Every structure is written in structure tokens, then in C-alpha cells.
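Okay, here's what each chain looks like letter by letter:
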Amino acid sequence: MSNVMKIKQTRALLFSSIMFLLIWAGVCLADNKVIVLPVENPIMLEIETAAFEKALADDVNEGPALILVEIDTPGGQIDYAKRMCAAITQSGGKCKIIAFIKGGQYGGALSAGAAVAFACNKIYMAKNTVIGAATLVTLSKDEKDKQRNYGEVIDEKLSSAWRAYLASLAQQNDRPGLLARAMVDRNIDVVEVNQQGSRLFIEPMNRKPEQQVVRTWNKSGSLVTLTAEEAVNCTIADGLVQSRDELLKQLQLADANVVVENKMANARKELQIIERRADEIRKSLDLKEKQIKYPQPAPKALSILRGAKADFENLKTLAQKYPDLHYNVKQLEEVINTISADYENAVRETRSRK
């Protein structure tokens with residue numbers, strides 16, 4: 001074999017070895033990555049919900065060792081919470097998704113926040129945090145309209161569906177479904193009984209004579225809200241930790257590369273910028289409204305109408321892209337059509353005077 005051929009073979013082997021090492025290193029880095037996804041505000045914004053869905057989908061595809069959903073929220077709209085839960089449960093089991101109820105401004109995972117925690121594979125809680133009080137309080141606009149139209153009947157239907165949904169989330173990860181239901185319905189009594197060494201959480205009316213009551217977890221008239229210690233004791237939560245670092249140590253990921261996902265925070269900042277832009281447009285419209293009240297030369301009046309139409313069209317564009325602005329797009333379209341008609345009439349009148 002010639003020296004040239006030997007050199008080529010050596011280069012090929014060296015290249016293959018380098019590529020193998022790079023691929024292996026990439027896999028190891030991914031396996032040792034922990035992605036933190038914070039849920040730290042009321043669950044009230046569509047833009048944050050969409051950002052959560054996008055972030056989770058992207059993060060799962062990176063193949064990390066773990067996705068840590070860090071929760072500190074008073075809850076929010078159930079439609080947004082359900083979307084977040086669906087994003088978690090439909091991730092396909094590509095990696096573990098663990099909830100860490102870290103505490104802070106809101107003190108835990110309350111209401112819709114409890115649902116997000118239930119959707120995760122495991123739940124860990126910091127001391128002095130709570131989980132529960134998931135009664136149906138905050139409604140989306142559509143649900144408010146339904147309740148206004150149908151009163152208590154639809155309210156009970158929504159509450160019943162929410163109870164069943166929370167119980168289902170809890171049970172899919174072997175958590176007591178009845179305790180989850182009692183976080184929504186203050187009319188549910190919950191006792192823990194021992195049956196041949198097994199722990200069961202049941203309503204007292206369903207207790208059999210041979211079942212010994214170990215503890216009463218809830219009495220009618222109150223909603224279940226559990227401290228971290230209580231949540232671990234009744235198997236709603238899987239562990240009690242002081243911090244994220246302690247949790248990662250327990251999970252044998254103390255040396256992991258921790259990456260904090262910022263898509264939700266960026267989405268909130270984006271909305272704040274858009275809200276300021278919408279405020280500027282409204283101020284511009286207020287000025288034009290004041291101007292048009294007074295007699296104006298025809299060219300000036302036409303200019304005001306053109307400007308008003310442009311402002312409303314910009315507002316409509318923002319409203320279509322950002323539902324959190326809470327503008328009625330149909331009403332904006334009607335206003336735009338009215339201004340267009342007024343403008344055409346003004347143009348015709350101006351021409352007829354010449």
C-alpha cells in the first residue's frame with residue numbers, strides 16, 4: 001500500500017473517531033441537562049400559555065434528563081391551565097417532567113396551579129408551600145358568558161367537569177383522586193382508612209365496617225388545601241425539599257447543566273410592549289375624536305378620518321395577534337367600515353362644492 005493511501009486511511013479513521021466523540025459528547029450533555037420551566041404568575045394570559053406550550057415541545061425534543069416545572073401561582077383560567085396540562089401529558093413520555101412547588105409570592109400551587117402540578121410525573125414541594133384550593137373561581141370570557149346565560153346550572157356543570165378533570169390528572173400518577181376532587185368541592189368529606197395494610201382515601205359513607213379510620217383529611221364545608229408535609233404524607237406529593245439544588249441532588253442530578261427557560265417571561269415582556277403600543281394608538285384616537293368635534297377645513301377633516309381609520313386598523317391587527325388585549329375584533333371592523341363610509345361621503349361632498 002502506498003504512503004498516500006495510508007495517509008488517506010489514517011485521515012478517514014481519525015475523522016470517524018472525532019465524529020463519534022462529538023456525537024457521544026452531545027448525547028452526554030443532553031442527558032445531563034435539566035431545563036427549568038417557571039410558572040410564576042397567575043395563569044391568565046394566552047400569550048404565556050402559548051409560550052409554555054412552545055417551550056415544552058422544544059425542550060422535550062432536546063432530550064434532557066429532566067424538565068422541572070417550577071410553580072408559584074395563585075391559579076387562573078381553567079382553559080389556559082388545561083392547555084398547559086395537555087402540553088405536559090401529551091409530551092409522549094420522552095423525558096421526565098417533574099413539578100417543583102417552590103413557593104414565593106403566592107406560596108404554592110393553588111387552583112389551576114394545582115392542576116399543572118398534577119399533570120407532571122412527580123411533585124416535590126418546598127417547605128412552607130401549599131397545594132390545593134382549586135375551586136372554580138376564575139372563568140374565561142366564554143365561560144363567563146355561559147354562566148351569565150344559564151346561571152347556576154352551567155356553573156355546576158363546569159364545576160363537575162373541573163372536579164373530574166383534576167381527579168383524572170391525579171389518578172394517572174397514582175395520587176388520591178378523591179382528595180383532588182375535594183380541592184374543588186367543599187361538600188366532600190375525605191377519610192383515610194386502612195384495609196389489609198393498604199391506604200385508601202374514601203368518603204365516610206362508603207366506609208365498610210372492617211375498614212379502620214386512620215385520619216380525617218377533610219370535612220364538609222372546607223376545601224382541601226395541603227401543606228407540603230401533608231401533601232407528602234397523603235401521597236399527593238412525592239417529596240419535601242428545601243431548594244432546587246436539594247431536589248437535583250436527590251434525583252442524582254447535582255452536577256447537571258441547569259438551563260432556565262425564558263420563553264414565558266419573554267412573552268409577558270412582549271405583551272407589555274404591545275400594551276404600550278395599544279395605549280399610544282388609543283391616545284391618538286382620543287386626540288382625533290376631540291379634533292373632529294370642531295369645524296375643520298375639508299382637507300384637515302379628511303386627514304383626521306384617514307388617520308383614525310389607520311389607527312383602528314392597527315388596533316385591529318394587534319387585537320387579532322394578541323387576544324390578551326381583549327379587544328372585540330368584530331366591533332373594530334364595524335368602526336373601520338363606518339369611518340370608511342364617512343370618509344367617502346366627505347370626499348363626495350367636497351367634490352360637489354367645487
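Above: the structure in question.
Attention in this report is confined to the structure presented alongside it. (Residues numbered from 1 in each chain as written. Predicted model: local features only at pLDDT ≥ 70, side-chain atom pairs only at ≥ 80, totals over all residues. Heavy atoms only, no water.)

**Observations concerning the pattern of salt bridges**
Side-chain pairs of opposite charge can arise where the charged atoms are in close proximity. Taken as a whole and judged by the stated rule, the model has 17 salt bridges. The closest approach of N and O atoms between R244 and E70, which form a salt bridge, is 2.7 Å. With a gap of 174 residues between them, R244 in helix 8 (residues 244–250) and E70 in strand 2 (residues 66–71) connect regions that are remote in the sequence. A relative accessible area of 25% places R244 in the partly exposed class. The exposure class assigned to E70 is buried, which follows from its relative accessible area of 3%. (Salt bridge = Lys/Arg side-chain N within 4 Å of Asp/Glu carboxyl O. Helix = DSSP H or I, 4+ residues; strand = E, 2+ residues; numbered from the N terminus. Buried < 20%, exposed > 50% of the residue type's maximum accessible area, 1.4 Å probe, protein only.)

**A short note on unusual backbone geometry**
Even without a glycine there, the phi angle at A133 is positive, about 45°. Structurally, the position occupied by A133 is in the loop between strand 6 (130–132) and helix 5 (141–172). The exposure class of A133 is partly exposed, given its relative accessible area of 26%. Residues other than glycine seldom take positive phi values, yet T235 does so here, at roughly 70°. Within the element layout of this structure, T235 appears in the loop between helix 7 (228–233) and strand 11 (239–241).

**Points about the nonpolar core**
Ranked by size, the top nonpolar core spans 77 residues in total, and within it F52, L56, V69, F118, I123, I131 and L226 carry the most contacts. By size, the runner-up hydrophobic cluster in this structure holds 13 residues, among which are I98, A126, L247 and L248. (Core = buried A, V, L, I, M, F, W, Y, C linked by side-chain atoms within 4.5 Å.)

**Here we look at the sheet that holds strand 2**
Strand order in the open sheet formed by 6 strands is 11-5-3-2-1-12, and the pairing between neighbours is parallel. One side of each edge strand has no neighbouring strand; the edge strands of this open sheet are strand 11 and strand 12 (257–260). Within the sheet, the average angular offset between the axes of one strand and its neighbour, ignoring direction, is 25°. Pairing geometry for strand 1 (residues 33–39) and strand 2, over 6 bridges, is parallel. Considered in strand 2, the bridge of P38 is made with E70. (Pairing = 2+ DSSP bridges. Axes fitted to C-alpha atoms, helices over the stretch in contact; angles between N-to-C directions.)

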